[in-house]
Amino acid sequence: HIWTPAGYNASTDKLPVLYLIHGGGDNDASWPGVGKAGDILDNLLAEGKMVPMVVVMPDGSISTEKFPDELTKDIIPYIEKNYRVVAKKSHRAIAGLSMGGGHTIAASGMYPDKFDYICPLSMGANKSDELNAQLQGIKKAGYQLYWIGCGTDDFAWPGTETMVEILKRNDMEYTLFASDGGHVWYNWRYYLNTFAQLLFK
């Protein structure tokens, strides 16, 4: 599923891209469906709160080990060939909830040259040398935003706190957006509405 902003077809401007990934047990119809992504993005754009962008909502229903390669070698090249977008790291963002948050952490870590905006939602991490090395790669490559959203009642909250600790230990700037509530779509819609206003500015 691909969302384009109002006026896309009439314009010649090249736009930045947000890759927005669903959670486990869901599919590429989840963000535009129950996630109300189109409504959220339409409203932000109409209110002048969001930079016009293309939002790609792929099917992430494969292992976190395989997804980063599929995203970077298949999905991104397809989008950059068929849509009017800027093919640069500075114009790419990645975000995802739960399993999609794991995909976000993995893809940005394995390919630190691809994304300037990284937003894992309701997904923490475990301490590991591999993760430290990947975060150092992101730090070296440079990035604009590492934005983490999670509910304090979410079962992912302890892992989120661990992820924050790891980012601190790697001396990386980050934003932690802690909300009430748990592992629910209400929060994920809230997070999209919040971090989408920060992208590509």
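Coordinates for the structure precede this section.
Treat the numbers as computed from the prediction; the structure is a model and nothing was measured.

Novice: Quick question: what am I supposed to make of the overall build of the chain here?
Specialist: Counting its secondary structure elements, the chain contains six helices and seven strands. Its helices and strands in sequence order give the chain the pattern β-β-α-β-α-β-α-β-α-β-α-β-α, from N to C terminus. Computed over its C-alpha atoms, the radius of gyration of the chain comes to 16 Å, within 12% of the 17 Å expected for a compact globule of 201 residues. Taken along its principal axes, the extent of the C-alpha atoms in the chain is 50 × 35 × 30 Å.

Novice: Can you help me understand the environment of Lys127 in this one?
Specialist: Mapped onto the secondary structure, Lys127 falls in the loop between strand E5 (117-121) and helix H4 (129-141). Sequence-distant contacts of Lys127, that is, excluding residues within four places in its chain, are made with Thr162, Glu165, Ile166 and Arg169. Within the local environment of Lys127, its side chain forms a polar contact with the side chain of Glu165, the two groups lying 2.9 Å apart.

Novice: How do you make sense of the environment of Ser98 when you look at a structure like this?
Specialist: Structurally, Ser98 is set in the loop between strand E4 (92-97) and helix H3 (99-110). Taking the relative accessible area as the measure of exposure, Ser98 reaches 16% and is therefore buried. In the structure, Ser98 is positioned 36 residues away from Gln134 in sequence and 19 Å away in space, judged by C-alpha atoms. Aside from chain neighbours lying at most four places away, what touches Ser98 is Gly23, Leu121, Ser122, Met123 and His183.

Novice: What should I look at first to understand H4 in this one?
Specialist: Each turn of an α-helix holds 3.6 residues, which means side chains three or four residues apart point in the same direction. Taking 1.5 Å per residue as the helical rise, H4 with its 13 residues ought to reach 18 Å, and the 18 Å between its terminal C-alpha atoms agrees with that figure. Those residues of H4 that sit buried are Leu131, Gln134, Leu135 and Ile138. Angular distribution of buried residues about the axis of H4 spans 100°; they occupy a single face of the element. Facing away from the buried side of H4 by more than 90 degrees, the exposed set consists of Asp129, Ala133 and Lys140. Contact partners of the buried residues in H4: H3, E5, strand E6 (145-151) and helix H5 (157-169). Gly142 sits one or two residues past H4 and shows a positive phi near 90°.

Novice: Where do I start with the packing of aromatic side chains in this structure?
Specialist: Aromatic ring pairs are described here by two measures, namely the spacing of the ring centres and the angle between the planes. By the definition in use, this model includes 11 aromatic pairs. Where Tyr19 meets Phe115, the ring centres are 6.4 Å apart and the plane angle is 75°; that geometry is what we call edge-to-face. Of this pair, Tyr19 sits in strand E2 (residues 17-21) while Phe115 sits in the loop between H3 and E5, and the two are 96 residues apart along the sequence. Phe115 matches Tyr19 in its accessibility class, with the two residues each being buried.

Criteria and cut-off values
- Residues numbered from 1 in each chain as written.
- Predicted model: local features only at pLDDT ≥ 70, side-chain atom pairs only at ≥ 80, totals over all residues.
- Heavy atoms only, no water.
- Helix = DSSP H or I, 4+ residues; strand = E, 2+ residues; numbered from the N terminus.
- Rg over C-alpha atoms; globule rule 2.2 N^0.38 Å.
- Contact = heavy atoms within 4.5 Å.
- Polar contact = N/O pair within 3.5 Å; in protein donor to acceptor, adjacent residues only side chain to side chain.
- Buried < 20%, exposed > 50% of the residue type's maximum accessible area, 1.4 Å probe, protein only.
- Expected span 1.5 Å × (residues − 1).
- Arc of directions from axis to C-beta.
- Phe/Tyr/Trp six-rings, centres within 6.5 Å; stacked < 30°, edge-to-face > 60°.

Don't take any of this as a statement about function, it's just geometry.
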